[in-house]
Amino acid sequence: MSKYHSLWEYVGYSGLEEIRLTFDEILGISGVAIDHSFLTYKKELLKYGYHVEKISQKEQTVTFRKGK
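Residues numbered from 1 in each chain as written. Predicted model: local features only at pLDDT ≥ 70, side-chain atom pairs only at ≥ 80, totals over all residues. Heavy atoms only, no water.

**Some details on the packing of aromatic side chains**
In step 1: Inspection of every chain in the model, using the stated rule, returns 5 aromatic pairs.
In step 2: An angle of 85° between the planes, with centres 5.2 Å apart, marks the rings of Tyr4 and Phe38 as edge-to-face. On the criterion of sequence distance, the pair formed by Tyr4 in the segment before α1 (5–14) and Phe38 in helix α3 (residues 37–41) is long-range, its members being 34 residues apart. Neither Tyr4 nor Phe38 differs from the other in exposure class; each is buried.
In step 3: Where Tyr4 meets Tyr41, the ring centres are 5.6 Å apart and the plane angle is 65°; that geometry is what we call edge-to-face. Taken together, the positions of Tyr4 in the segment before α1 and Tyr41 in helix α3 put the pair 37 residues apart, joining distant regions of the chain.
In step 4: With relative accessibility at 0%, the residue Tyr4 sits in the buried group.
In step 5: Overall, the relative accessible area of 27% leaves Tyr41 in the partly exposed class.
In step 6: Members of the aromatic cluster, joined through ring pairs, are Tyr4, Trp8, Phe38 and Tyr41. (Phe/Tyr/Trp six-rings, centres within 6.5 Å; stacked < 30°, edge-to-face > 60°. Helix = DSSP H or I, 4+ residues; strand = E, 2+ residues; numbered from the N terminus. Buried < 20%, exposed > 50% of the residue type's maximum accessible area, 1.4 Å probe, protein only.)

What follows is the structure, encoded as structure tokens:
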């Protein structure tokens with residue numbers, strides 16, 4: 001199981017077209033801070049019908065979007 005599994009479930013079960021979470025919210029949901037490995041793990045999110053639309057270091061947010 002991926003260290004971001006709980007985050008993928010949270011996003012996948014949200015049912016929202018788009019969801020934006022702060023790095024702190026992601027830490028709270030997954031128990032893991034965003035790091036470079038996130039770029040490798042993000043492909044797992046496709047199983048839940050979402051993809052990572054944008055990662056903003058400036059705003060410290062990640063935007064997830066439904067579909068490909």
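**Considering the pairing of strand β3 (residues 61–66)**
In step 1: Pairing of strand β1 (residues 18–22) with β3, which is carried by 5 bridges, proceeds in the antiparallel orientation. Along β3, the bridge assignment pairs Ile19 with Phe64.
In step 2: Where strand β2 (residues 50–56) and β3 come together, 6 bridges link them in antiparallel fashion. Following the sheet pairing, Ser56 is matched in β3 by Thr61. (Pairing = 2+ DSSP bridges.)

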